[in-house]
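Fold and geometry: a report
Chain by chain, the residues run as shown.
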Amino acid sequence: MTRALYPGSFDPIHYGHVDIVQRAAVLFAEIIVAVYDTPSKRLLFTTEERHELARLSLAHLANVEVVVYQGLTVQAARDLGTPVIVRGLRATSDYEYEAQLAQTNKALAPDVEVVCLFTSLKHAYLSSSILKEVAALRGDYAAWVSEPVYHALQAKYQVEGGVP
Ligand code: ADP
């Protein structure tokens, strides 16, 4: 069994991500969850916070490690010795972007395979941006995230007054 990389922004990690990692952890010997340092999105959490929240949310999985990476995802996959990249697919809207990304990665690194897992129906609607919006508007998001993420979001919006 081979090792796989699960890259993403994880700003912050939620149960949709955790579900993908749990299922991938059954299929692969080891999953390296890789928090991308500088995604082209406006971030709420720092890289260190995103790393720590992912680590705490996945601590129950023995064959999962969380790291931070910079640069090309395929290069990280090579450097970390993970010849497979796992991505999660929520809906048809994700497909176009993920297909583009997979084709680009294949062109850059033919030795790295991309495997997409379909999200569970329970988490199909969940995204980090919707989560942040609900948290900012004081909605109830407790069922969507681990306890450390719940408190971290509360702290961001109630203490620091961040915007989604
Ligand atoms: P990125 O900026 O790389 O898209 P994200 O943190 O938004 O990073 O997502 C990381 C991966 O998790 C992507 O493959 C994304 O499609 C997947 N993902 C996001 N939300 C969900 C969800 N609710 N269920 C399953 N997979 C998801």
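Coordinates for the structure precede this section.
Right, let's walk through the structure included here. Everything numeric here is computed off the predicted structure, so don't read it as measured data. (Residues numbered from 1 in each chain as written. Predicted model: local features only at pLDDT ≥ 70, side-chain atom pairs only at ≥ 80, totals over all residues. Heavy atoms only, no water.)

Overall, parallel pairing links the five strands, which are arranged β3-β2-β1-β4-β5 in an open sheet. Whereas interior strands pair on both sides, the edge strands pair on one side only; in this sheet they are β3 (64-69) and β5 (113-118). Averaged over all neighbouring strand pairs, the angle between strand axes comes to 30 degrees, with direction disregarded. Here two bridges tie strand β1 (residues 3-8) to strand β4 (residues 84-89), and the two strands are oriented parallel to one another. Each residue of the ladder has a partner; that of A4, found in β4, is V84. (Pairing = 2+ DSSP bridges. Helix = DSSP H or I, 4+ residues; strand = E, 2+ residues; numbered from the N terminus. Axes fitted to C-alpha atoms, helices over the stretch in contact; angles between N-to-C directions.)

Here we come to the site of the ligand. Contacts to the ligand come from 18 residues, most closely from Y6, S9, K41, G88 and L126. Within the backbone of G88, a nitrogen or oxygen atom sits 2.6 Å from an oxygen atom of the ligand. A distance of 2.9 Å separates a nitrogen atom of the ligand from a polar atom in the side chain of T119. In this structure the site holding the ligand corresponds to the largest pocket. Among the secondary structure elements, those contributing two or more residues to the shell around the ligand are β1, α1 (15-27), β4 and α4 (92-108). A class-by-class count of the residues in the shell around the ligand yields five nonpolar, eight polar and five charged. (Near = heavy atom within 4 Å. Polar contact = N/O pair within 3.5 Å; in protein donor to acceptor, adjacent residues only side chain to side chain. 1 Å grid on protein atoms, 1.4 Å probe; cavity = no way out; pocket = protein on both sides within 12 Å on 5 of 7 lines; lining within 4 Å. Sits in = over half its atoms within 2 Å of the grid points. Nonpolar A, V, L, I, M, F, W, Y, C, P; charged D, E, K, R; others polar.)

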